[in-house]
Amino acid sequence: MTEKDCLFCKIIRGEIPSDKVYENDLIYAFRDIAPAAPEHILIIPKKHIASLNDIETEDKMLFGEIMYRASVLAKELGFSEQGYRTVANTLDHGGQTVHHFHLHLIAGRQMTWPPG
Ligand code: 5GP
Ligand code: ZN
């Protein structure tokens, strides 16, 4: 999968519309098209990184930025105190369907454990 063909790279470039909730030079956050809960946001790096398997040493700050933004958005959107779930699925056994890393930020209902 190249950046040219990647669904989430197309969303970052604006070639596919999305419901954006945050953007800076490093990351982009938008609402999931098929929400699993009342609030379901995907936070992605603008750099095409296929999965957690593909993080390089130089990406460590970038992934700190992603987790930091999850924390800030949870407060800004008003669900930090009730709680929420952050998930990153990796490849087949993880259930990853889009091969551009994304952190799911899911909130607004009681979650269960273990996940399916
Ligand atoms: P994964 O299964 O890879 O962890 O998560 C991929 C997520 O991307 C799914 O929750 C799916 O609903 C979402 N998704 C797939 N295509 C699109 C799209 O075109 N737009 C948006 N906003 N979300 C999408
Ligand atoms: Zn991509």
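Described below are features of the structure shown in this document. (Residues numbered from 1 in each chain as written. Chains lettered and ligands numbered in written order. Predicted model: local features only at pLDDT ≥ 70, side-chain atom pairs only at ≥ 80, totals over all residues. Heavy atoms only, no water.)

1. Quick word on the pattern of salt bridges
Summed over all chains, the structure comprises 7 salt bridges. One salt bridge in this structure joins Glu15 and Arg13, with 2.6 Å as the shortest N-O distance. When its relative accessible area of 49% is taken as the criterion, Glu15 is described as partly exposed. Between Asp19 and Arg31 there is a salt bridge, with its nearest N and O atoms 3.6 Å apart. Within this pair, whereas Asp19 is found in the loop between α1 (7-13) and β1 (20-23), its partner Arg31 is found in strand β2 (residues 27-31), the two being separated by 12 residues in sequence. Overlapping salt bridges, with partners in common, bring together Asp19, Arg31 and Glu39 in one network. (Salt bridge = Lys/Arg side-chain N within 4 Å of Asp/Glu carboxyl O. Buried < 20%, exposed > 50% of the residue type's maximum accessible area, 1.4 Å probe, protein only. Helix = DSSP H or I, 4+ residues; strand = E, 2+ residues; numbered from the N terminus.)

2. Examining the side chain of His40
Here His40 lies in strand β3 (residues 39-45). Separated by 2.9 Å, the side chain of His40 and the backbone nitrogen of Ala36 make a polar contact. Within polar-contact distance, the side chain of His40 engages the side chain of His104 at 2.8 Å. Among residues more than four places away in sequence, those in contact with His40 are Phe30, Arg31, Asp32, Ala34, Pro35, His104, Leu105 and Ile106. (Polar contact = N/O pair within 3.5 Å; in protein donor to acceptor, adjacent residues only side chain to side chain. Contact = heavy atoms within 4.5 Å.)

3. Some remarks on the sheet that holds strand β5 (residues 103-107)
With respect to topology, 5 strands assemble into an open sheet ordered β1-β2-β3-β5-β4, the strand pairing being antiparallel. Where the open sheet ends on each side, the last strands, each with one partner, are β1 and β4 (84-87). Pairwise comparison of adjacent strand axes, ignoring direction, gives a mean angle of 15° for this sheet. Summarising the sheet, β1 and β2 pair through 3 bridges and their orientation is antiparallel. Opposite Glu23, over in β2, you have Tyr28 as the bridge partner. (Pairing = 2+ DSSP bridges. Axes fitted to C-alpha atoms, helices over the stretch in contact; angles between N-to-C directions.)

4. Some points on the coordination of the zinc ion (ligand 2)
Coordination of the zinc ion (ligand 2) by the protein involves Cys6 (SG), Cys9 (SG), His48 (ND1) and His100 (ND1), with metal-donor separations of 2.0 to 2.3 Å. Considering all 4 donor atoms around the zinc ion (ligand 2), the spread of angles at the metal, 106 to 116°, places the coordination shape in the tetrahedral class. Coordination of the zinc ion (ligand 2) draws on donor residues from a single chain, spaced C-x2-C-x38-H-x51-H in sequence. Residue His48 is found in the loop between β3 and α2 (60-76), and its partner His100 is found in the loop between α3 (91-94) and β5; the two are separated by 52 residues along the sequence. For the pair shown, His48 and His100 are each scored as buried. (Donors = N, O, S within 2.8 Å, 3.2 Å for Na, K, Ca; no water. Tetrahedral: all angles 85-135°; square planar, octahedral: opposite > 155°, others 65-115°.)

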